[in-house]
Structures are given as structure tokens and as C-alpha cells.
Amino acid sequence: MTASGAGLSAARTVVQTVGPPASVVFLNTPVSGPADGSTVFPVSFAVLDAQGRYAAPSAFQVESTDPGQQFGGFIMPFPGLYTGNLTASTRAGVATVTVSVLGTSPLVRSSFSLTQTPGAADSLEVALASTQLVADGAASTTLSITSADQYDNPLSSQALSVTSSDPDVGLGALQNLGSGNYAVDVTSSTQAGDVTLTVTDASVTPALVRTVTFAQTAGAPEGAQLILGTPWLTADGTGETTLVATVLDEFGNPVMGLPIGATSTDPGHRFSYAVETSAGVYEVRVRASRTVGTSTLSLGLIGAPAVNRLAAPLQAITLAVPQIQEEAPAPLAEVLGTTQLEQRGSAVVPGKDPAPAAKPAALAGTGSESTLGGWAAAALLMVGGVLLLSRRKLRRG
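Since the model is a prediction, treat every value here as computed from it, not as a measurement. (Residues numbered from 1 in each chain as written. Predicted model: local features only at pLDDT ≥ 70, side-chain atom pairs only at ≥ 80, totals over all residues. Heavy atoms only, no water.)

Sorry if this is basic, but what is going on with the overall build of the protein here?
Across its full length, the protein holds 1 helix and 28 strands. Taking the intrachain contacts of the protein between residues at least 6 apart in sequence as the baseline, contacts between residues at least 24 apart amount to 68%. Just so you have it, the protein exposes about 22900 Å², and 56% of that area is on carbon and sulfur atoms. (Helix = DSSP H or I, 4+ residues; strand = E, 2+ residues; numbered from the N terminus. Contact = heavy atoms within 4.5 Å. Areas by Shrake-Rupley, 256 points an atom, 1.4 Å probe, with all protein chains shown as cover.)

Would you take a moment to explain the packing of aromatic side chains for this structure?
For any pair of aromatic rings, the description consists of the separation of the ring centres together with the inter-plane angle of the planes. Enumeration according to the criterion identifies 8 aromatic pairs in this entry. Geometrically, the ring pair formed by F26 and F112 is edge-to-face, given 5.1 Å between the ring centres and 75° between the ring planes. Pair noted here: F26 is in strand 3 (residues 23–28) and F112 is in strand 10 (residues 108–117), with a separation of 86 residues, a long-range link. Judged on exposure class, the residue F26 and its partner F112 are both buried. Taken together, a centroid distance of 6.1 Å and an interplanar angle of 55° make the contact between F45 and F74 tilted. Taken as a pair, F45 in strand 5 (residues 40–48) and F74 in strand 7 (residues 70–78) lie far apart in primary sequence, 29 residues in all. The class for F74 is partly exposed, based on a relative accessible area of 24%. Three or more aromatic residues link up through ring pairs in this structure, and these residues are F26, F45, F60, F74, Y82 and F112. (Phe/Tyr/Trp six-rings, centres within 6.5 Å; stacked < 30°, edge-to-face > 60°. Buried < 20%, exposed > 50% of the residue type's maximum accessible area, 1.4 Å probe, protein only.)

I would appreciate a short explanation of the sheet that holds strand 5 in the present structure.
By way of backbone hydrogen bonds, the strands of a sheet pair with one another, either parallel or antiparallel. The antiparallel open sheet is built from 4 strands, whose spatial order is 3-5-8-7. Across the chains shown, the open sheet's two edge strands, defined by having one partner strand only, are strand 3 and strand 7. Between one strand axis and the next, the sheet turns by 25° as a mean value, whatever way the strands run. In the sheet, strand 5 pairs with strand 8 (residues 81–87) via 7 bridges, with the strands oriented antiparallel. Looking at strand 8, one finds that A46 is bridged to L81. (Pairing = 2+ DSSP bridges. Axes fitted to C-alpha atoms, helices over the stretch in contact; angles between N-to-C directions.)

Just to check I follow, could you spell out the nonpolar core for this structure?
Ranked by internal contacts, the top residues of the largest apolar core, which has 22 residues, are A224, L243, V247, L258, I260 and L299. At the level of elements, strand 20 (223–228), strand 22 (240–248), strand 23 (260–264), strand 26 (281–287), strand 27 (293–301) and strand 28 (334–344) are the ones that each hand at least two residues to this core. By size, the runner-up hydrophobic cluster in this structure holds 21 residues, among which are A121, L124, V162 and F214. (Core = buried A, V, L, I, M, F, W, Y, C linked by side-chain atoms within 4.5 Å.)

What's the story with the pattern of salt bridges in this structure? I'm lost.
Scanning the model with the defined rule gives 5 salt bridges in all. A salt bridge links E240 to R285; its shortest N-O distance comes to 2.6 Å. Note that E240 is positioned in strand 22 and R285 in strand 26, a separation of 45 residues in sequence. (Salt bridge = Lys/Arg side-chain N within 4 Å of Asp/Glu carboxyl O.)

Honestly, the pairing of strand 7 in this entry has me stumped. Any pointers?
Two faces make up the sheet, and in a regular strand the side chains alternate between them. Bridge analysis of strand 7 against strand 8 gives 5 bridges, and the strand direction is antiparallel. Pairing of F78 across the sheet is with L81, part of strand 8. Connecting the antiparallel pair strand 7 and strand 8 is a turn made up of 2 residues, with G80 showing a positive phi of about 95°.

It is not clear to me how the environment of Q175 should be interpreted in this structure. Could you clarify?
Turning to its location among the elements, Q175 is positioned in strand 16 (residues 175–178). Between the C-alpha atom of Q175 and that of I145, which follows or precedes it by 30 residues, the distance is 9.8 Å.

Can you walk me through the pairing of strand 9 (residues 93–101) in this structure?
Pairing of strand 6 (residues 60–64) with strand 9, which is carried by 5 bridges, proceeds in the antiparallel orientation. Within strand 9, the residue paired with Q61 across the bridge is S100. Between strand 9 and strand 10, which follow one another and run antiparallel, lie 6 residues, and G103 among them has a positive phi close to 85°.

What exactly am I supposed to notice about unusual backbone geometry here?
A negative phi angle characterises most non-glycine residues, just as the trans form characterises most peptide bonds. Here S105 and P106 are connected by a cis peptide whose omega angle stands at -5°. Counting through the fold element by element, P106 comes out in the loop between strand 9 and strand 10. Backbone geometry at D152 places phi at a positive 65°, although glycine is not the residue there. Residue placement: D152 occurs in the loop between strand 13 (140–148) and strand 14 (160–164). One non-glycine residue, S179, lies in the positive phi region at around 55°. Along the chain, the position of S179 falls in the loop between strand 16 and strand 17 (181–187). The exposure class assigned to S179 is exposed, which follows from its relative accessible area of 54%.

Teacher, can you tell me more about the side chain of T141 here?
Summarising the element assignment, T141 is placed in strand 13. We classify T141 as buried; its relative accessible area is 6%. Among the polar contacts made by the side chain of T141, one reaches the main-chain amide nitrogen of S130 at a distance of 3.0 Å. If we skip the residues at most four places from it in the chain, T141 touches L128, A129, S130, L133, V184, D185 and V186. (Polar contact = N/O pair within 3.5 Å; in protein donor to acceptor, adjacent residues only side chain to side chain.)

I tried to follow the environment of L243 on my own but got confused; where do I start?
Mapping L243 onto the fold places it in strand 22. For the pair L243 and T230, spaced 13 residues apart in sequence, the C-alpha separation works out to 8.9 Å. In this structure L243 touches L226, I227, L228, Y282, E283, V284, V286, L299 and T339, once residues within four positions along its chain are discounted.

What follows is the structure, encoded as C-alpha cells:
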């Protein structure tokens, strides 16, 4: 400042000093970017005193709530102004970046938020709550789907499609549960067999495709179709035939792995244990009794009555010939089907003499009586021969 008067002048210089750091102001900060671990964002900020003048602090610190983010390359073009770089992490989400001026009290600091977004779809996982359903058109399970990028960041807005190899299987709407989790309700059809569900994410090329398979098994047995190997047997107690039963549920699916047995209204019949020769097909050997007539054969469950249950998968089919059981069959807990078996009396085989009839009691004798009878018969024959010879001589004379 300069003053003058009466030929005199005076000058005074005023020096303004910068005050201590009072605030941090960001000049350039990123708002969002990919969580790819490689993208570099420029960051610049200024440290100001209470009067808004640049103030060069002795030290500052830059930190983030995302420990994967990296900071570096900070320089000071002139005192109080700083520029540097922030490298993204691989974790999607919102992170808070804070610059603090060290040595101030209270601590001078300022923050900004950076949103890191997930990348393209790279992972697709599928699972079923249950891998077996009864093929009754009502049983259900849940298909769970998880979608993520290459760094396992969840993808919460994917347009996924789900299809089934069985067109009659019911598929509900895709439910977005958040955090990359999705769900679809699945309802069985009435056709037993394996069903494959296919989940597709077409947001990338090539599309991500995953499959999962579940089994639809037959329900409780509703009945059996019975076939006899021969229409009748001879009532000799030795002849055999085969009873073949196809056991089906209410929708015509073969029911496997059942405890099957057979009984008859003829108590003399004997049966073997049942053997499952193919899916839902059971075979029982039947041995004739000695009673002529028609009897009813029944085939069904032995043990506990049938309930609506999952039939055990047929692990192996036993083809060994079952042996006839000599004891009487146990009663059936549930009858699945019946058929008629005729037994006929023994027939005379052509070329073979029938068995000799038994002697009347009056003709039976001891061994000695039989010998005397033999001698008497021989004597009678001799006398008869003499008489016949004498008559011939008289005629010639």
C-alpha cells in the first residue's frame, strides 16, 4: 500500500499467509465402472484453507471400503492440488473412497462413491430341490439357478429361459430372488421316465447352457394284467405253468420293485417267489394240485399295503429261475389282479395201457393158496385135454 502528501510518500507491503487445511474438494472423480480389476480411473482433488486458498498439507491418505481397489501415481502440479489414478477391483458394488489430511484436528476428510458393475455372464449353476417326483401330474419341486460373471459377481437381471424334454412337465414363471438367484417351480407330468430341464442364458455369445435331470417314477400300483403260460393243467400235483403279471399305476406306468406274491382258491396249489423280469413285469411259477376243477389265482402285494410312494429304481433284474415253495402261500395284503386256472383229470395216452385195476378182495389169497390153485388149474387142463383127444378118436372110428 502507498500513501503520499506534501511531497512525502510512504509504502507498506501486506503479506497474506495460507491458513491450515480446512477442506478437501474433489475436482475429478469416477461415478461408475466395470469390476474388471484393470480399468483405471483418474482422480483429482484440492486441499483448501478456511478462506478457500490452496493449502499444501504435510501428508494425506487415500483409502476405499473396497480393499481390492488400488491407488497410485499421485502428483502435486502446484501446492494443494493433487492428481492420481484409481484401479478398479473385481468386486461389484458401491465403494466409498475417502481422502484424509493427516495431522489435522479435527481430521479433515472428504469422500465420494464409486459403483463397480459386474461383467458379462460367465457362470450358470442349476440345481433341483428333489431329483425324484411321482408321475402323477401334481408332485412338484423347485429349480434353483445362480448367474454370475467371471469374478463370481452375481447377475440380477438376466433374461433366462427354461425348457423341458417332457412337454407335459409344468414350468412356472422365472422368479428373480435377487443377488443373482432365480427359481422356477416344476410340476411332474403323468409319464414315468427321466426328464431333462435346460436353462439358457443368451446374453452372451456363445450362450450359456446348463441341464439338470430328474426321474419321474410310477405311483402306487392300481392293478395288474395277468397272463397264464398254459390255459390248463393236469391235476397230477406235478405240472407247472407260469403266471406273468404287468403291474401298472393309475396312469399306465409300470411299477417296479414291488413285493409281489400269489395265492389260489385251491389250497393245493404251490407258488414260487416272484421275479421281476423287466420294468413292472413279474413272473411266478405255479404248480398244479390234485384237484380237478377251476380255481381263482390272485396276484398282489405281500407285506404292507401299497401307498402313494416313490418306487425304488430297478437296480438289477434277477433272471434266476425261482423255486416252488412247498409251504402254503401267505395271504396277500392287497390284490392287484385275478385269473382262472382249470385243472383236468389224467387222460389215457395212446399206445400205453392203462394201469391194471385192483383185484377184488374175494380173489386175493396167500402165497400157498396161490400155489395150490395153480396145481388145480393144471390138472383141469390135463383132464380137458384127455377128454378132447378121446372125442376125436371116436369120430374117426
